[in-house]
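# Structural features, examined
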Amino acid sequence: EYLRQIGALDDAGGVKPQVRIANYLMGPSNCIASSSFFSVCCLSECEGLMRELEQKIQAPTASAVHLLSLVGNMSSSSVEAPRDLPEPLVDKLWAISERHSGKVPLH
């Protein structure tokens, strides 16, 4: 029930419920202090990276080739660009692309 309340549970479409990882990470469990007036939450580096992708793509979907090119050239606090993406992740991205007629949904 908690996952549903914070918007992290995707149980639409009559399929097996799945946890939306991004929504879970940005949920209240990631906050270190809160009251009825404020919350002190940890910043998610993923949010900044996702915002950068959204600005470059400016569409709800993108091809796997385009995403691999963009992500491979993004830097983070732990990895400098250009980065080598692990083959299992690349394979998963291609599988998602195949499932969605050649496009990968960003959300």
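Our subject in this report is the structure included herewith. Fair warning: this is a prediction, and the values are worked out from it, not measured in the lab.

### Some points on unusual backbone geometry
- Omega for the peptide link from alanine 81 to proline 82 comes to -5°, which places this bond in the cis form.
- Mapped onto the elements of the fold, proline 82 is located in the loop between α4 (64–72) and α5 (87–99).
- The phi angle at glutamine 58 is positive, at roughly 50°, despite the residue not being glycine.
- With respect to the secondary-structure elements, glutamine 58 resides in the loop between α3 (45–57) and β5 (61–62).
- Glutamine 58 gets classed as exposed once you look at its relative accessible area, which sits at 68%.

### As for α4
- Buried residues of α4: Ala64, Leu67, Leu70 and Gly72, and no others.
- Those residues of α4 hidden inside the fold are in contact with α3, β5, α5 and β6 (104–105).

### With respect to the pattern of salt bridges
- Across all of its chains, the model carries four salt bridges by this definition.
- The closest approach of N and O atoms between glutamate 1 and arginine 4, which form a salt bridge, is 3.3 Å.
- Residue glutamate 1 is classed as exposed on the basis of its relative accessible area, which comes to 64%.
- Here aspartate 11 and arginine 4 are joined by a salt bridge, their closest N and O atoms 2.5 Å apart.
- Here aspartate 11 falls in the partly exposed class, since its relative accessible area comes to 35%.
- Taken together, the shared-partner salt bridges connect Glu1, Arg4 and Asp11 into one network.

### Description of a nonpolar patch on the surface
- Taken together, the side chains of Tyr2, Val19, Ile21, Tyr24, Leu25 and Met26 make up a nonpolar region of the molecular surface, amounting to roughly 540 Å² of accessible area.
- In terms of residues, the nonpolar patch owes the most to one element, helix α2 (residues 21–25), which gives three residues.
- Summarising the element assignment, methionine 26 is placed in the loop between α2 and β3 (31–34).

Cut-off values and rules
Residues numbered from 1 in each chain as written. Predicted model: local features only at pLDDT ≥ 70, side-chain atom pairs only at ≥ 80, totals over all residues. Heavy atoms only, no water. Helix = DSSP H or I, 4+ residues; strand = E, 2+ residues; numbered from the N terminus. Buried < 20%, exposed > 50% of the residue type's maximum accessible area, 1.4 Å probe, protein only. Contact = heavy atoms within 4.5 Å. Salt bridge = Lys/Arg side-chain N within 4 Å of Asp/Glu carboxyl O. Patch = residues over 30% accessible without salt bridge, like charges linked within 9 Å, V, L, I, M, F, W, Y side chains within 5 Å. Areas by Shrake-Rupley, 256 points an atom, 1.4 Å probe, with all protein chains shown as cover.

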